[in-house]
Every structure is written in C-alpha cells, then in structure tokens.
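# Examining the three-dimensional arrangement
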Amino acid sequence: MSRKRVLITGAAGFLGSHLCDRFIAEDFHVIGMDNLITGDLRNIEHLFKLDNFEFYHHDVSKFVHVPGELDYILHFASPASPIDYLKIPIQTLKVGSLGTHNLLGLARAKNARMLIASTSEVYGDPNINPQPESYWGNVNPVGPRGVYDEAKRFQEAITMAYHTFHGLETRIVRIFNTYGPRMRLNDGRVLPAFIGQALRGEDLTVFGDGSQTRSFCYVDDLIEGIYRLLFSDYAYPVNIGNPDEITIKQFGEEIIKLTGTKQKLVLRDLPVDDPKQRRPDITKAQELLGWEPKVTRAEGLKITYTYFKSLSPEMLSNVAHKNFETYNK
Ligand SMILES: NC(=O)c1ccc[n+]([C@@H]2O[C@H](COP(=O)([O-])OP(=O)(O)OC[C@H]3O[C@@H](n4cnc5c(N)ncnc54)[C@H](O)[C@@H]3O)[C@@H](O)[C@H]2O)c1
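As the structure is a computational prediction, the values presented were derived from the model and not from experiment.

Our focus in this paragraph is the sheet that holds strand β11 (residues 238-240). Spatial ordering of the open sheet is given by β3-β2-β1-β4-β5-β6-β11, a layout of 7 strands whose pairing is parallel. Unpaired on one side and paired on the other, β3 (53-57) and β11 mark the two borders of the sheet. Across the sheet, the mean angle separating the axes of adjacent strands is 20 degrees when strand polarity is ignored. On top of the sheet, helix α1 (residues 14-25) reaches β1 (5-9), β2 (29-34), β3, β4 (72-75) and β6 (170-175); it is set at about 170 degrees to β1, its chief contact.

Another point: helix α9 (residues 297-309). Across its 13 residues, α9 extends 18 Å between first and last C-alpha, which sits within 8% of the 18 Å expected from 1.5 Å per residue. Within α9, burial applies to Arg 297, Gly 300, Leu 301, Thr 304, Tyr 305 and Phe 308. Relative to the axis of α9, the buried residues are bounded by an arc of 130 degrees and lie together on one face. Residues Ala 298 and Lys 302 are exposed on α9 and point more than 90 degrees away from its buried face. Each element contacted by the buried residues of α9 is listed here: β7 (178-179), α5 (190-200), β10 (217-218), β12 (245-247), α7 (248-259) and α10 (313-317).

The local shell around the ligand holds 29 residues, among which Leu 15, Asp 34, Thr 38, Tyr 148 and Arg 189 are the closest. Take Ser 78: an N or O atom from its main chain is 3.4 Å from an oxygen atom of the ligand. Measuring from an oxygen atom of the ligand, one finds a side-chain N or O atom of Tyr 148 at 2.5 Å. When the ligand sits alone it has 820 Å² of accessible area, and the protein chains cover 96% of it.

About the criteria used
Residues numbered from 1 in each chain as written. Predicted model: local features only at pLDDT ≥ 70, side-chain atom pairs only at ≥ 80, totals over all residues. Heavy atoms only, no water. Pairing = 2+ DSSP bridges. Helix = DSSP H or I, 4+ residues; strand = E, 2+ residues; numbered from the N terminus. Axes fitted to C-alpha atoms, helices over the stretch in contact; angles between N-to-C directions. Contact = heavy atoms within 4.5 Å. Expected span 1.5 Å × (residues − 1). Buried < 20%, exposed > 50% of the residue type's maximum accessible area, 1.4 Å probe, protein only. Arc of directions from axis to C-beta. Near = heavy atom within 4 Å. Polar contact = N/O pair within 3.5 Å; in protein donor to acceptor, adjacent residues only side chain to side chain. Areas by Shrake-Rupley, 256 points an atom, 1.4 Å probe, with all protein chains shown as cover.

What follows is the structure, encoded as structure tokens:
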C-alpha cells in the first residue's frame, strides 16, 4: 500500500521538525516546506537521506504548488516568538493570512485535510484563567503584538470559513507555550533565554516583577496532542498545552537550580501588552482526544538542558538575533 502524503509547512522550525520526525516514524511520505526565515535546516538534515522525505525551500505566502496527491496539510509556518514577529511584522501578517489562504486552496484542490497551528495568543492578555476555547480573548489589534495575534485570529476565521462554506476537513490547534530541543537559543522566548544566559554565565533577565505566569508543555506531549487532533473528527479549536502554571520568577529559580549557575535574576521593564497569565483549560482535549501531558517540567527541562549544553560554543555565544534583512520587504 502506498504511503499517505503529508505537507508540513514550517518544517525546519522547532515544532515543524518534530512533526516531520513523528510522521516519518508513522511511515508517512513527508513533504517539508520552509523559507528558513526563522528555521534552520540542521533541525531536519537527518531526514534528507530518507526516500519518504522531500523538502521545498519556498515562501508559503506566495503561490504554493506541490505535485502529486496530498492527504494532509499541517500549516506551521509563521514567526512564533515576539523577537521574531516584532522584527518582521508584515511577513508575520502575510504568512497567517495569504499563506493560510494559499494552503487552504491547495487542500481544496487535493481534497486534503488541513490542520493549522493557532496559538494561546488569540486570547491576548486574558481576563480569565485558565483559558477555555470558548473565551474570545482580549487582544489589542494595534499594539506591537497585534501582528501575530490578529494574523492567528484571521487564520482561524478563514479556516473555519473554508470548513463551513466549502466543506473542507479542517482542524485548529491552539498551542500554549511549548519547549524542548531545537528551540533557538536566541529567539527571545523565556526558556532558551534563561538557559542561554545560565550557560554563558550571565544573570537571568526577568521582564516585569516576574509575577506573570506561563505554563510550559514539553514538545513530545504537544506533538502527540496534535497527532490525535488531526485524526479526530472535531473542526473547532482545541487547546493543547500543559496546565501546570508557574510564575516567571519561580521558573527562573528552577533554571538556576537545574544549571547550577552562580548568577541571579535581574528585573527589567515589562514589554507592551505582555500577557499577565497563561494557562490552558484542557478539558476539551481530555474529553475529545483522551489527551493530557505526561512529561513533568523537571523531566522536560532536563532533556532540554542536555540539548542546549551539547551545542557548539559558537552557537552558544551567538546572541545576535536572526538577520532578517533579505526578507524585510
Ligand atoms: N513554540 C510554541 O510554543 C508555539 C506556541 C503557539 C503557537 N505556535 C505556532 O507553531 C508554529 C511553529 O512555531 P515554532 O515555535 O516551531 O517556530 P519556528 O520559528 O521555530 O518555526 C517556524 C518555521 O516557519 C518558517 N516560516 C516562517 N514564515 C514562512 C513562510 N512565509 N514560508 C515558509 N516558511 C516560513 C520558519 O522559517 C520556521 O522554520 C507557528 O505557526 C507558531 O505560531 C508555536
């Protein structure tokens, strides 16, 4: 029997590369697509030797063509960290809107099921905690984070419209903060930032007074939730994340303990519209998918720290953010 064929956009990124690994392990034919704006081919270079993996270097905000049949499309291409999307706001809006539209068109032409990577950021700075899928959010459309949050909200809306108007099979996952190997050390997200600082012997920077909360999900748990959602028959958004909530200050202290660094936490000004709390209500995922996270923060952090420690000194000392010059159009 011929293999099922899946297109994964954002394949060279953190989550996309783990998805490629999972679908390869499940014996799919995986077609990765990425323009490498925030991704890195090193995340998937181990797959290039396989005959059931191929890769297209392509910007999905432009017309997308893939020869042959497609059974599934997983749209994960998008800048995902505040540092990235604040530097490339137009590209972020385009990949969430034009990119999603292109891929929905492709899904329709191929009669493929499409799953989109949405985010807890659709809830903005939430007024309720934890956040269930029924909460509509508290987003500032014209604040600096609006480019990401509104792109993702539009992405959900157009995906739903293709589902109701064209009868396309669609799935929407709202991903909460996820961590694990292959995150970029310099992407500005709190976990790699803390670990990178500890490894370089620098103080750990906390924005605000550190009382804001986050809930961190280990990547393997997230991928399992996404896999189950894709093969469910549920078209409305589903939260996937770990409800184990922690303040950023406590989290910094955990990283100090884990890494054994002699450095301390230092406080800096809080960025504009930074959410004060983040915790998924995962009742729906539990009931619909029989899913809940299995990896504790202690276990996940240990694996992630081991990964970061294995990076070359050159990668560790590279604190410069990605150079987006050639993409800034
Ligand atoms: N990591 C998280 O905690 C998290 C949380 C919520 C949502 N998400 C969503 O998951 C997806 C993946 O996030 P990630 O953490 O892996 O980020 P990432 O930056 O590591 O990966 C994104 C990938 O998309 C690629 N890309 C961006 N724009 C593109 C375009 N126009 N055409 C082709 N490729 C493009 C990048 O080069 C990169 O490889 C994103 O859609 C993000 O919004 C992630």
